[in-house]
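Descriptive structure summary
So you can see what is in the structure, the chains are spelled out below.
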Amino acid sequence: AMDWQVLTRELSLYLESQVRVGFFGSGVGLSLVLGFGVAYACYYLNSIAKKPQLVASNDRFCRFLEEYCPVVTETYYPTIWCWEGRVQTLLRPFITSRPQVQYRNELIKTADGGQISLDWFDNNDSSYYPDASTRPTVLLLPGLTGTSKESYILHMIHQSETLGYRCVVFNNRGIAGEELLTPRTYCAANTEDLEAVIHHVHSLYPSAPFMAAGVSMGGMLLLNYLGKTGRDTPLMAAAIFSAGWNVFESVESLEKPLNWLLFNYYLTTCLQSSISRHRQMLEKLFDMDLVMKARTVREFDKQFTSVMFGYRSIDDYYEDASPCRKLKSVGIPVLCLNSVDDVFSPAHAIPVETAKQNANVALVLTSCGGHIGFLEGIWPRKCTYMDRVFKQFVQAMFEHGNKIFSM
């Protein structure tokens, strides 16, 4: 305590000598500002900036991450003026930059007569991997109403570009401007479209190392697919960011008054506007007036999503959509990043015990970061902590993945 008092006194004397008398009316104002600054810095360094918790039962996987993905063992310093989870979540889409990415669009047909829009970033200028047939490929899955235009997707592509990799973004049906050919959209539990996309990409480049990364609902969908397929997948590994592990807990958290006001209502209107463009097609099966009256995600899922995919009740759908139930069956290395202050995926619902029972799974839990936030630096325009985890893990797996089992 004495050290801080001495430091504060010396700093205030120095600053007072630098600042003309009367700048704050007197030296008292300056001392107060300085004292507050020092107190805040102490609080931030003691309580906010922390190393993430790494949960993994497999010592080899742990050692592999420590060596080739060291970001998961380093202290995460959230942006000093906006570290709270809700604030990080709200600010990220507005504050982060949007790297320029030129896509090549491809529409693929599905077995039921629908179509899926894929956005390719071929990275044909890759100097590390000039041969397209063996260029490592990352499949990216955006969140609930997200597309290839989301800033977090653009940043992942920017990171992949510097490493020489190819990316392909899986846009959920009816979201990226393409027409719905059948009255069907998407949900977190139904993995058929994802299976079709993974098969399609792998068939185009069977010799290319292949990974996937999913964000929010994209991460839930990817986990549900991996839980279903086990080792029987062309993917060598996967990265999951801000997944909602237990849908019941997620919707309950989002229905708390402040969270409803800040997130739930807006998300519900986004879901409604994403399907209103396809109203004529969807009216064949749904009471669209009722769907448009929903005021929460739960009401929307009850009237629309659970009905579309043939669930007897919304509880049946939420049970099937929750990845915590499938985690024990995952058969390839998976790294999952969550913040414990994420209102979309409350801390008590993160399946820490289940993760410890599967040698393929590593959880990285930060104390701050919110939902797809993870802002860092004084002015967090560029790279987030999440982007750095993505870059290091993808590079670790593509370039050293064979060492996991020999370490």
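Above this text is the structure in question.
In this text, all values refer to a predicted model and were calculated from it rather than measured experimentally.

A separate point is the overall build of the chain. Check the secondary structure of the chain and you find 15 helices and nine strands. Relative to the globule expectation of 22 Å for 407 residues, the C-alpha radius of gyration of the chain, 23 Å, shows essentially globular dimensions. In terms of principal-axis extent, the alpha carbons of the chain reach across some 75 × 55 × 40 Å. Taken over 407 residues, the chain has a buried fraction of 55%. Taking contacts inside the chain between residues at least 6 apart in sequence as the whole, the part at least 24 apart equals 77%. Positive and negative charge centroids in the chain, built from 36 and 40 side chains respectively, lie 1 Å apart.

Grouped together as the largest cluster of nonpolar side chains are 71 residues, with contacts concentrated most on Leu139, Leu222 and Leu363. Here this core takes seven residues from helix α7 (residues 217-229), the largest share from any one element. When residues of this core are assigned to domains, at least three map to each of domain 1 (47-246 + 323-405) and domain 2 (247-321). Leave out the neighbours within four places in its chain, and Leu363 touches Gln53, Leu54, Val55, Trp245, Cys336, Ile350, Pro351, Val352 and Ala355. Listed in part, the 47 residues of the second largest apolar core include Tyr44, Tyr68, Val71 and Tyr385.

If you walk through the whole model with that rule in mind, you get 15 aromatic pairs. Ring geometry for Trp81 against Trp379: centres 5.8 Å apart, planes inclined by 20°, an arrangement best described as stacked. In this pair, Trp81 sits in the loop between α3 (59-68) and α4 (85-95) while Trp379 sits in the loop between β9 (361-366) and α15 (385-400), placing the two residues 298 residues apart along the sequence. According to the relative accessible area criterion, Trp81 is partly exposed, its value standing at 42%. Geometrically, the ring pair formed by Trp120 and Tyr205 is edge-to-face, given 6.0 Å between the ring centres and 65° between the ring planes. Of the two residues, Trp120 is situated in strand β3 (residues 115-121) and Tyr205 in the loop between α6 (192-204) and β6 (210-215); the sequence distance between them amounts to 85 residues. Comparing Trp120 with Tyr205 shows no difference in burial state: the two are buried. Here the aromatic cluster, defined as three or more aromatic residues joined through ring pairs, consists of Phe248, Tyr311, Tyr317 and Tyr318. Over the face of the ring belonging to Tyr205 we find Arg166, whose NZ or CZ atom lies 3.6 Å from the ring centre.

This next bit is on the sheet that holds strand β2 (residues 104-109). As summarised here, the arrangement of the nine strands in space is β1-β9-β8-β7-β6-β4-β5-β3-β2, forming an open sheet in which the pairing is mixed. Each end of this open sheet is capped by a strand with a single partner; those strands are β1 (53-56) and β2. Pairwise comparison of adjacent strand axes, ignoring direction, gives a mean angle of 20° for this sheet. Two strands pair when backbone bridges link them, and strand β8 (residues 334-339) and β9 are joined in this way by six bridges, in the parallel orientation. Directly across from Val334, in β9, lies its bridge partner Val361. Sheet contacts for α6: β2, β3, β4 (137-141), β5 (166-171) and β6; angle to β3, the most-contacted strand, approximately 45°.

Time to look at the layout of surface pockets. The computed volume of the largest pocket comes to approximately 1,000 Å³. Surrounding the largest pocket, 46 residues form its lining, Leu144, Thr145, Leu267, Phe344 and His371 being those nearest its centre. Mapped onto the lining of the largest pocket, the elements with two or more residues apiece are α4, α5 (151-163), α7, α8 (247-254), α9 (257-276), α12 (297-308) and α13 (314-321). Here the lining of the largest pocket spans two domains, and each of domain 1 (47-246 + 323-405) and domain 2 (247-321) adds at least three residues to it.

Side-chain pairing between opposite charges can occur once the charged atoms of the two side chains come close. On inspection of all chains with the given rule, the structure shows 16 salt bridges. For Asp122, the salt bridge is made with Arg104, and the minimal N-O distance between the two is 2.8 Å. Taken together, the positions of Asp122 in the loop between β3 and β4 and Arg104 in strand β2 put the pair 18 residues apart, joining distant regions of the chain. One connected set of salt bridges, linked through shared partners, spans Asp112, Arg173, Arg184, Glu192 and Asp193.

What follows concerns the packing of α6 against α7. The geometry of a pair of packed helices is captured by two quantities: the angle between their axes and the separation between those axes. At a minimum axis separation of 10 Å, α6 and α7 run at an interaxial angle of 80°. Comparing the axis directions of α6 and α7 gives the class roughly perpendicular. Here α6 contributes Leu194, Glu195 and Ile198 to the contact with α7, which in turn contributes Leu221, Leu222, Tyr225 and Lys228. Per-class residue counts for the contact of α6 with α7 are five nonpolar, no polar and two charged.

Conventions and cut-offs
- Residues numbered from 1 in each chain as written.
- Predicted model: local features only at pLDDT ≥ 70, side-chain atom pairs only at ≥ 80, totals over all residues.
- Heavy atoms only, no water.
- Helix = DSSP H or I, 4+ residues; strand = E, 2+ residues; numbered from the N terminus.
- Rg over C-alpha atoms; globule rule 2.2 N^0.38 Å.
- Buried < 20%, exposed > 50% of the residue type's maximum accessible area, 1.4 Å probe, protein only.
- Contact = heavy atoms within 4.5 Å.
- Lys, Arg positive; Asp, Glu negative; His and termini not counted.
- Charge placed at Lys NZ, Arg CZ, Asp CG, Glu CD.
- Core = buried A, V, L, I, M, F, W, Y, C linked by side-chain atoms within 4.5 Å.
- Domains from an automatic or database assignment.
- Phe/Tyr/Trp six-rings, centres within 6.5 Å; stacked < 30°, edge-to-face > 60°.
- Lys NZ or Arg CZ within 6 Å of the ring centre and 35° of its normal.
- Pairing = 2+ DSSP bridges.
- Axes fitted to C-alpha atoms, helices over the stretch in contact; angles between N-to-C directions.
- 1 Å grid on protein atoms, 1.4 Å probe; cavity = no way out; pocket = protein on both sides within 12 Å on 5 of 7 lines; lining within 4 Å.
- Points joined across faces, edges and corners; volume = space filled by probe spheres on them.
- Salt bridge = Lys/Arg side-chain N within 4 Å of Asp/Glu carboxyl O.
- Parallel < 35°, antiparallel > 145°, perpendicular 65-115°, else oblique.
- Nonpolar A, V, L, I, M, F, W, Y, C, P; charged D, E, K, R; others polar.

From the geometry alone we can't say anything about function, so treat these as descriptive.
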